[in-house]
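# Tertiary structure, described
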Number of protein chains: 2
Amino acid sequence: MQRYFPILQWLPGYKCADLAADLLAAVIVTIMLIPQSLAYALLAGLPAEAGLYASILPLIAYALFGTSRTLAVGPVAVVSLMTAAVVGQIALQGSIGYLNAAILLALISGLMLLTMGLLRLGFVANFLSHPVISGFISASGLIIAASQLQHLLGVEASGHNLWELLQSLWQSRHDIHTITLALGAGSVLFLLLVRRGLKPALLRLGCPVSLADLIAKAGPIITVIGATALTAWLNLDTQGLRILGAVPAGLPALTIPHVSLALLEQLWLPALLISTIGFVESVSVAQTLAAKRRQRIDPDQELIGLGACNIASSLSGGFPVTGGFSRSVVNFDAGAATPAAGAFTAVGIALATLFLTPLIYFLPLSVLAATIMVAVLSLVDLGAIARTWRYSRHDGLALLATLLATLLTGVTSGVIIGVVLSLLLYLHRTSRPHSAIVGRVPDSEHFRNVQRHAVETDPALCILRIDEGLYFANTRFLEDRIYAQMATQKTLRHLILMCPAVNHIDASALEALEAINARLQDAGIELHLSEVKGPVTDALRNSDFLQHLSGRIFLSTYQAWKALHDSLPD
Amino acid sequence: MQRYFPILQWLPGYKCADLAADLLAAVIVTIMLIPQSLAYALLAGLPAEAGLYASILPLIAYALFGTSRTLAVGPVAVVSLMTAAVVGQIALQGSIGYLNAAILLALISGLMLLTMGLLRLGFVANFLSHPVISGFISASGLIIAASQLQHLLGVEASGHNLWELLQSLWQSRHDIHTITLALGAGSVLFLLLVRRGLKPALLRLGCPVSLADLIAKAGPIITVIGATALTAWLNLDTQGLRILGAVPAGLPALTIPHVSLALLEQLWLPALLISTIGFVESVSVAQTLAAKRRQRIDPDQELIGLGACNIASSLSGGFPVTGGFSRSVVNFDAGAATPAAGAFTAVGIALATLFLTPLIYFLPLSVLAATIMVAVLSLVDLGAIARTWRYSRHDGLALLATLLATLLTGVTSGVIIGVVLSLLLYLHRTSRPHSAIVGRVPDSEHFRNVQRHAVETDPALCILRIDEGLYFANTRFLEDRIYAQMATQKTLRHLILMCPAVNHIDASALEALEAINARLQDAGIELHLSEVKGPVTDALRNSDFLQHLSGRIFLSTYQAWKALHDSLPD
């Protein structure tokens, strides 16, 4: 029970001090989450209230099922962008079909996450390598920033990738609305100033680091309040400035999205990608924060927790959610002690939904766009390309390809291209493993590469060391390597495969070894193995390879050398 | 030059003895190839002459560009089946479009193989693991046998997978033609008798093994001659027995297939699969035979050779070809010394095309079907399922899934499902690598698993050994493992990662190590590495990880133990 309901682990020991800490953190996160939830609803192409709804029940669901003490779930930038990209291909923005598809997407994602969690499939997220994620997140940041430019400029634009967006913006360059741009650009400047300048200034004034951090993170809410007040005061909306308008007050009603086979066919793959990306982001944050306090999270239970969040979001009219980076850090820094902080935040947002919606009537869309743009700029890390490339060409290539594919073809195909490419590059690398013909270091029991060291060899012996597990992708290499050696070393009578770094031998490699053994035998050459690991020997015993093996298995290469070198005629 | 034209390696040293050996082998292979080429044309749904055309120019092209001395190229069962499956979805069997698509398929396959060879992409074939190939070949054998049942029974049936075929056969069960079935079933019995009974009988009579083998392999040609003579003598064709009929005499004319964008879109993926499957089969045979005589083949040049064969086949009105298993073994056993044997076989088939076509007018289709059925039964190896399963669950699952997917969904999707599944299973396995917390074997420099041995440990030290390269699929495992240890071992102050089996660290794993290092540091724990391999250390030096590392890199784990164990307060 405790495994599937982590709340049972912390609720019985809940203390007064925890309550105080959680309440304080909840107030701070609520203030941060109000503009974020509105902004990410805008980014996802949905009405503002969908963002608020996605920030109530999901937080309560996570408090029940999540294993991180400090993760703050809700709408996040990248998942909102992916939602807009997917749903925009199914229905027109603003239509009932659009809202229904977004809600259904959250439901499918939630059910997928839940199923993966119950099946303990957390490992699937591993197939997203860091370079692929890094390239994808940077590209998403750029696409999001570009998509918000239209609100900042007060024009209409659309597109699913950077190219289409920029083209569309360029075509509407003559429609730029001055007041909108002034307010938006002013907000961007103010936000950058707060982010870059306020914290150092506060620190110089003797303010503690964590407080300075929190105040600097309040930039968006200050901007939103200021700009809304200004708009209301000067009636800027009558001069063409687009504002948020009426947001229905009241708690969300229970909704069941309309389901059809056609919709399911269109949504299952995007839902899988959104779930995986969301899970990877969320688990990384949760793990970072848990490690700082020597706590633990359980990735498989996190799948269940995030699944419950998305189902809750869907049933209350919200869209896909996950754990957000900046919000969780604020929650952690504000001292949240248990997931109850999240539940209190949900109460805060619920109160805002009940009573505060009239106050945000005059919130200009360009100011919301400004908060999004400044937030996502921190996602873009182009320096990672050079850093990764310097460490490994393969990884650098995977990063660059994912970045470009995402920018040029869109978010869904970008991720798929990145994943396929990084798998192919990995297989390519392991298909030509490091290997060496080794000889004996004179008067020792050590064996080293004949090309790098002055070592003792024997024309009738060949000792080949392979530094990789043997599996289907490198069996051909192994055969080629050995047959080439056979053709070169005409006096060969014993071939010793030195296996200290062979971590596994799969069925393909086993068949290759059997074929090699038979062919060497045909040519009068014995095949021996040395330094075979325990688990590998155990597996070999389950086949009849050891009965067919023409030679022997030696514990050490030196024993093989002694037995075979001495037994040969001079 | 010699690399791209391997003929230059053997032609200058060509001797009289070689000529005699090659001529003898060519005569024997020609006799075997005539019924095979007709039968596989039938299997591919093409007119009989296409099979003959596919056995002339391709053999000459291989003699020029191939690196195996004994490989016999031409139509083979599995590739013919795949051709029928692909082309049958594009045009009606018997139409001009059908023939054109088959010829174009050979051209595209040829160009793909040639390009892959020039780019040295032979490694791509490695992604077909043995279990996938084994499952695919067995399933293909079963589908081929089922597809020939209609000719054997004298009924009409069609379908792209086993299920459709059997359903279609069942529906036409009342149309079975008695004479057709009698002749077909008689041929099957005779062929099985020759294959199983003739060789042992000849051996008992003192016949040399290789001669007995050759005579046993002559079964199909004897059956074909006998049945054709019987049909002509009794005029069985007038009683409803379907016969081959008129095959146009004369050498093939140069043909250029009609190309359209729509055709290219439909054919590129099947062409890639056919090329890869054909290449894998062919290279395996060539390598087996070359090793027996201590010769070598060059896989990248084989791609060029097989590419040239398919282009030659297409330009002379043939369909996709590759190196065949049984024919190559016969060629080898008959003593073929050089690829000239293949060129002489081409002359033999050309003569047959010029002069023998009137003689095969009365060849019954049910007898051709019988030769195919008996030939493909040797491809079906259901015992491999149990054998592979016993050695490894993962590999057994991949085999079974490919077998079932091929049987139930068809050849193209069967291969794709198999490849994707074996990649996923490989990643799943390496995503949870073998690892152990180790301790010091008392009074020694050795370290062993604490769960298996009575070893010395230290509450402030943890030595973790990972037996796998660190890459994106197992970084999460590494983090989980270490954070779990941190949470359990509250007195931990030094974590030593023991890396003797870590063959590489990719960019994802590097980032994970950096994160681990930072988090351990936050918790006051130092991270050390021991026994890091040379190439891995070199790669780490290209990043700034070593500057950030809170601990040290030790050459041996014992040095780490001495330095850290002794430095700790008691």
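Residues numbered from 1 in each chain as written. Chains lettered and ligands numbered in written order. Predicted model: local features only at pLDDT ≥ 70, side-chain atom pairs only at ≥ 80, totals over all residues. Heavy atoms only, no water.

Keep this limit in mind: UniProt positions are given in the numbering used here, feature names are shortened, and annotations may be inferred rather than shown by experiment.
As annotated in an unreviewed UniProt entry, chain A carries the name Sodium-independent anion transporter and is attributed to Marinobacterium aestuarii. Quoted verbatim from the Subcellular location (unreviewed entry) heading of the UniProt record, the comment on chain A is "Membrane".

## Side note on the overall build of chain A
The line we're drawing: Note on conventions: DSSP H or I runs of at least 4 residues are helices, E runs of at least 2 residues are strands, and numbering of each starts at the N terminus. A simple rule labels every residue: compare its accessible area, found with a 1.4 Å probe on the protein chains alone, to the largest value its type can have, and call it buried under 20%, exposed over 50%, or partly exposed in between. Contacts are assigned to residue pairs with any non-hydrogen atoms lying within 4.5 Å of each other.
On a plain count of helices and strands, chain A comes out with 24 helices and eight strands. By principal-axis analysis of the C-alpha atoms, chain A measures approximately 105 × 60 × 60 Å. Expressed as a percentage of the 570 residues in chain A, the buried residues total 59%. For chain A, restricting intrachain contacts to residue pairs at least 6 apart in sequence, the fraction spanning at least 24 positions comes to 80%.

## Description of the interface of chain A and chain B
For clarity, the threshold we go by: As used here, buried area is the combined drop in accessible area, with a 1.4 Å probe, of two parts when they are placed together. Salt bridge, as applied in this entry: a Lys or Arg side-chain nitrogen positioned within 4 Å of an Asp or Glu carboxyl oxygen.
Each partner contributes to the interface: chain A provides 64 residues, whereas chain B provides 64 residues. Here chain A and chain B share an interface that buries about 6,100 Å² over both sides, 55% of which is from carbon and sulfur atoms. Among the residues of chain A in contact with chain B, Arg294, Tyr391 and Arg476 of chain A are the three that bury the most area, contributing 15% of the side total. Linking chain A with chain B are one salt bridge, by the criterion used here.

## Brief notes about the sheet that holds strand E5 (residues 461-466) of chain B
Residue and element names in this part refer to chain B. This is how the line gets drawn: Strand pairing is assigned whenever DSSP identifies at least 2 bridges connecting the two strands.
Strand order in the open sheet made by the six strands is E4-E3-E5-E6-E7-E8, with mixed pairing throughout. Two strands close off the open sheet at either side, each with one partner strand: strand E4 (447-449) and strand E8 (553-554). Alignment of E5 against strand E6 (residues 494-498), held across five bridges, turns out to be parallel. Residue pairing in the sheet places Cys462 in a bridge with Leu495 of E6.

## Some points on the sheet that holds strand E4 (residues 447-449) of chain A
Ordered in space as E4-E3-E5-E6-E7-E8 (chain A), the six strands form an open sheet in which the pairing is mixed. Each edge of the open sheet carries a strand with a single partner, namely E4 and strand E8 (553-554) of chain A.

## Notes on helix H16 (residues 365-377) of chain A
Residue and element names in this part refer to chain A. This is how it is decided: Helix span, expected: 1.5 Å multiplied by one less than the number of residues in the helix.
Its 13 residues place the ends of H16 18 Å apart at the C-alpha level, agreeing with the 18 Å of an ideal helix rising 1.5 Å per residue. Of all 13 residues in H16, eleven are buried, a share of seventy percent or more. Residues Leu365, Ser366, Val367, Leu368, Ala369, Ala370, Thr371, Ile372, Met373, Val374 and Val376 constitute the buried set of H16.

## Regarding the pattern of salt bridges
Tallying each qualifying case throughout the model produces 15 salt bridges over all chains. Between Arg519 of chain A and Glu479 of chain A there is a salt bridge, with its nearest N and O atoms 3.5 Å apart. In this pair, Arg519 of chain A is assigned in helix H21 (residues 507-522) and Glu479 of chain A in helix H20 (residues 475-488), connecting sequence segments 40 residues apart. Since its relative accessible area comes to 9%, Arg519 of chain A is described here as buried. Put simply, Arg541 of chain B and Asp538 of chain B hold a salt bridge, and the shortest N to O gap is 3.8 Å. On the criterion of helical spacing, the pair formed by Arg541 of chain B and Asp538 of chain B is a turn pair, its members being three residues apart in helix H22 (residues 534-541).

## A word on the packing of helix H9 (residues 178-204) of chain A against helix H10 (residues 209-217) of chain A
Residues and elements named next belong to chain A. Operational definition: A fitted line through C-alpha atoms serves as each axis, taken over the contacting stretch for helices, and the angle formed by two N-to-C directions is quoted from 0 to 180°. The labels follow the angle: roughly parallel below 35 degrees, roughly antiparallel above 145, roughly perpendicular from 65 to 115, and oblique for the rest. Here is the rule for handedness: rotate from the far helix to the near one, and if that takes an anticlockwise turn smaller than a right angle the crossing is left-handed, while a clockwise turn gives right-handed. As a working rule, the residues Ala, Val, Leu, Ile, Met, Phe, Trp, Tyr, Cys and Pro are called nonpolar, Asp, Glu, Lys and Arg charged, and the rest polar, with Gly in that last group.
H10 packs onto H9 with a crossing angle of 150° between their chain directions and a minimal axis gap of 9 Å. In terms of axis orientation, H9 runs roughly antiparallel to H10. Relative to H10, H9 is oriented so that their crossing is right-handed. Contact with H9, carried on its side by Val194, Leu198, Lys199, Leu202 and Leu203, involves Val209, Ala212, Asp213, Ile215 and Ala216 of H10 and no other residues of that element. Broken down by class, the residue content of the contact of H9 with H10 amounts to eight nonpolar, no polar and two charged.

## Some thoughts on the relation of the copies chain A and chain B
Convention followed: The least-squares superposition of copies is restricted to C-alpha atoms, and to residues with a pLDDT of at least 70 in both copies.
For the pair chain A and chain B, the best superposition has an RMSD of 0.2 Å and corresponds to a rotation of 179° with a translation of 0.0 Å parallel to the axis. Look at the turn and shift together and you get a two-fold axis relating the two. Among all residues of chain A, the one whose C-alpha sits closest to the rotation axis is Ala501 of chain A, at a distance of 2.5 Å. With an isologous cut-off of 70% or more, the 98% of interface residues of chain A that recur at the interface of chain B puts this contact in the isologous class.

## Overview of the pairing of strand E6 (residues 494-498) of chain A
Residues and elements named next belong to chain A. Put simply, the rule reads: Looking down the strands as they point away from the viewer, one classifies a crossover as right-handed if the path from the first strand across the helix to the second runs clockwise.
Counting buried residues along E6, five of its five residues qualify, which places the element largely inside the surrounding structure. Neither face of E6 is left uncovered, since the one carrying His494, Ile496 and Met498 and the one carrying Leu495 and Leu497 both have all their residues buried. Tracing the backbone out of strand E5 (residues 461-466), into H20 and back to the parallel element E6 gives a crossover that is right-handed. Of the strand pairs in this sheet, E6 and strand E7 (residues 526-530) are connected by five bridges, and their pairing is parallel. Within E7, the residue paired with Leu497 across the bridge is Leu529. The parallel pair E6 and E7 is bridged by H21, and the resulting crossover is right-handed.

## Remarks on the packing of aromatic side chains
Keep this limit in mind: Stacked, edge-to-face and tilted are the three classes for Phe, Tyr and Trp ring pairs, Trp counted by its six-membered ring, which pair at centre distances within 6.5 Å; planes under 30 degrees apart are stacked, over 60 edge-to-face, the rest tilted. Either the NZ atom of lysine or the CZ atom of arginine qualifies as a charge over a ring when it sits within 6 Å of the ring centre and within 35 degrees of the ring normal.
Going through the model one piece at a time under the given rule, you end up with 15 aromatic pairs over all chains. For the pair Tyr471 of chain A and Tyr426 of chain B, a centre-to-centre distance of 3.9 Å together with 10° between the ring planes defines the contact as stacked. Note that Tyr471 of chain A is positioned in the loop between E5 and H20 and Tyr426 of chain B in helix H19 (residues 411-431), a pairing that runs across two chains. Look at Tyr426 of chain B and you get buried, because its relative accessible area is 3%. An aromatic cluster is defined as three or more aromatic residues linked by ring pairs; in this entry it consists of Tyr426, Tyr471 and Phe472 of chain A together with Tyr426, Tyr471 and Phe472 of chain B. Cation over ring: Arg173 of chain A sits above Trp170 of chain A, and NZ or CZ is 4.1 Å from the ring centre.

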